[in-house]
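# Observations on chain architecture
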Amino acid sequence: MIDVDGLSFEYPAKRALDGVGFHIGPGTVTALVGPNGAGKTTLLRCLATLELPYAGRVLLGGIDTAEEPRRARRLLGFLDEFFGLYDELTVLQCLQYWAGAHGLEGDVTVAARDAAARLGLADRLEERAGSLSRGLRQRLAIAQVIIHKPRILLMDEPASGLDPEARAGLADLIRSLQADGMTIVVSSHILVELADYSTHMLIVDKGRVIDHSPIGGAERGAARLARRLRLVLARPVAAAALAGLSVGPLDLDGEGAAVFDFAGSLDDQAALLRDLVARGLPVAALAEDHTSLQDQYIEKLKASRP
Ligand SMILES: Nc1ncnc2c1ncn2[C@@H]1O[C@H](COP(=O)(O)OP(=O)(O)OP(=O)(O)O)[C@@H](O)[C@H]1O
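Residues numbered from 1 in each chain as written. Predicted model: local features only at pLDDT ≥ 70, side-chain atom pairs only at ≥ 80, totals over all residues. Heavy atoms only, no water.

### Side note on the sheet that holds strand 4 (residues 55–60)
The following threshold applies: Each pair of strands is called paired provided DSSP finds at least two bridges between the two strands. We count a stretch as a helix when DSSP gives it H or I for four or more residues in a row; a strand needs E for two or more, and each element gets its number in order from the N terminus.
Ordered in space as 2-1-4-5, the 4 strands form an open sheet in which the pairing is antiparallel. A strand with exactly one partner marks an edge of an open sheet, and here the two such strands are strand 2 (14–24) and strand 5 (63–64). Note that strand 1 (residues 2–11) and strand 2 share 7 bridges and pair antiparallel. Within strand 2, the position partnered with D3 by the bridge is H23.

In structure tokens form, the structure reads like this:
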């Protein structure tokens, strides 16, 4: 759905992207991560046709963005890190305006109300955008860029300024947009949250792609079949004590912890826990592993540096 080849971009005194290439499949959610100044925003702006690369190609749904930018833009929703709103308009008017600007057919008010409801803004329709709090402005900006149900959604730091409840709401929204078939790229520094909904991680550093891989093993991929679990034992045990488990052999580290992909249901997870306890193992925890994305990121970044 997104194909990038040999992409380079330079600001007057800085090469921000240097021969970037990758392929993003349809229906995936890609976490775009990297240190400050790595080139994430520049990359998203090139994908969104807002910057013209000095070398390389970007294809969106097979459309070359340099040759047919207007056609490519119809596939796109883009949330800029520093977005602007029409402060004098109400929430409803902002959304009606964007629905009209995208040439939506049918009743723009229905589309506007629908997008507002998805972002928890249904009771704010008559408030002026200029009077909204930072987090509510962020939600309105997101509603604006999904109102035309784009096939590709690019978001630069969408969680910044959102309170914890709204961030959880954003994760739910991203999952539901993915379920609608949208291909999504999200740049963020909050890896624990990205792990909640991303299927792939694309790491950039110093304008280059360091790594691009599915999160939690290839079989997880877009279908999110497997979850990553972390087992923690109160003390290390002999490998033989873990033989014959339904998940196959587990590789305990020196402190008695193991991280592994688990394709079963929550009932299967409960059965695994019962099995571990029945074996007399000192189980301190068996839960979804939310730290692994951060660990993977740090490891891959370190490995890429001399
Ligand atoms: N308008 C600009 N003019 C000159 N240099 C720029 C400009 N915008 C970005 N840069 C430089 O290009 C490089 C990439 O910046 P970019 O904003 O794409 O990084 P980023 O990964 O999004 O960073 P952050 O995580 O801090 O938002 C940085 O070295 C930055 O200083």
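### Describing the domain arrangement of the protein chain
Put simply, the test is: For every domain, the bounds stem from an assignment made automatically or drawn from a database.
The domain boundaries assigned to the protein chain delineate domain 1 (2–216) and domain 2 (223–288). A C-alpha centroid distance of 37 Å is found between domain 1 and domain 2.

### Side note on empty space enclosed by the protein
The condition is simple: The rule is simple: put a 1 Å grid over the protein atoms alone, call a set of points where a 1.4 Å probe fits but cannot get out a cavity, call an open set with protein on both sides within 12 Å along at least five of seven lines a pocket, and count a residue as lining if it has an atom within 4 Å of a point. Grid points are joined across faces, edges and corners, and a volume is the space filled by probe spheres set on the points. Gly counts as polar in this scheme, as do all residues outside two lists: the nonpolar Ala, Val, Leu, Ile, Met, Phe, Trp, Tyr, Cys and Pro, and the charged Asp, Glu, Lys and Arg.
Under the definition given, this model contains 2 cavities of 30 Å³ or more. If you trace the second largest cavity, you find it lined by P158, A159, L170, V186, S188, E193 and Y197. Looking at side-chain class alone, the lining of the second largest cavity contains 5 nonpolar, 1 polar and 1 charged residues.

### Considerations on helix 6 (residues 164–179)
Definition in use: Working rule for helices: expected span equals 1.5 Å times residues minus one. For the exposure calls, accessible area comes from a 1.4 Å probe over protein chains only, and a residue counts as buried if that area is under 20% of its type's maximum, exposed if over 50%, partly exposed in between. Relevant arc is that of directions from the helix axis to the C-beta atoms, nothing else. By definition, residues are in contact when any of their heavy atoms lie within 4.5 Å.
Compared with an ideal rise of 1.5 Å per residue, which puts 16 residues at 22 Å, helix 6 spans 23 Å between its outermost C-alpha atoms and is within 8% of the ideal. All of the buried residues in helix 6 are A166, L170, A171, L173, I174, L177 and Q178. Around the axis of helix 6, the buried residues are gathered within 160° of arc, so they sit on the same side. With respect to the buried face of helix 6, the exposed residues turned more than 90 degrees away are P164, E165 and A179. Where the residues of helix 6 are buried, they touch strand 3 (29–33), helix 4 (108–118), helix 5 (134–146), strand 7 (152–156), strand 8 (183–187) and helix 7 (191–197).

### A closer look at the sheet that holds strand 9 (residues 200–205)
Convention followed: The convention used is that axes are lines fitted to C-alpha atoms, helices contributing only their stretch in contact, and that angles between N-to-C directions extend from 0 to 180 degrees.
Pairing is mixed in the open sheet, where 6 strands are placed in the order 6-7-8-3-9-10. Whereas interior strands pair on both sides, the edge strands pair on one side only; in this sheet they are strand 6 (76–79) and strand 10 (208–214). Pairwise comparison of adjacent strand axes, ignoring direction, gives a mean angle of 15° for this sheet. In this sheet, strand 8 lies alongside strand 3 in parallel orientation, the contact comprising 4 bridges. Among the inter-strand pairings, A31 is bridged to a residue of strand 8, identified as V186. Together, strand 3, strand 6, strand 7, strand 8 and strand 9 form the strand contacts of helix 1 (residues 40–47), whose direction differs from that of strand 7 by roughly 150°.

### Looking at helix 8 (residues 266–278)
Taking 1.5 Å per residue as the helical rise, helix 8 with its 13 residues ought to reach 18 Å, and the 18 Å between its terminal C-alpha atoms agrees with that figure. Among all positions of helix 8, only Q269, L272 and L276 are buried. Taken around the axis of helix 8, the buried residues stretch over an arc of 55°, which confines them to a single face. Facing away from the buried side of helix 8 by over 90 degrees, the exposed positions are D267, R274, V277 and A278. Against strand 11 (227–233), strand 12 (257–262) and strand 13 (283–288) lie the buried residues of helix 8. A positive phi of about 80° marks G280, the residue just after helix 8.

### Observations concerning the nonpolar core
Note the threshold: To qualify as a nonpolar core, a set must consist of buried Ala, Val, Leu, Ile, Met, Phe, Trp, Tyr and Cys residues joined through side-chain atoms within 4.5 Å.
In terms of nonpolar packing, the biggest core is built from 51 residues, with L140 and I184 touching the most fellow members. A total of 7 residues in this core trace back to one element, the largest contributor, which is helix 5. Once residues lying within four places of it in the same chain are set aside, the contact partners of L140 are L85, V91, C94, L95, L121, A129 and L132. L7, I63, L75 and L76 belong to the second largest nonpolar core, which has 29 residues in total.

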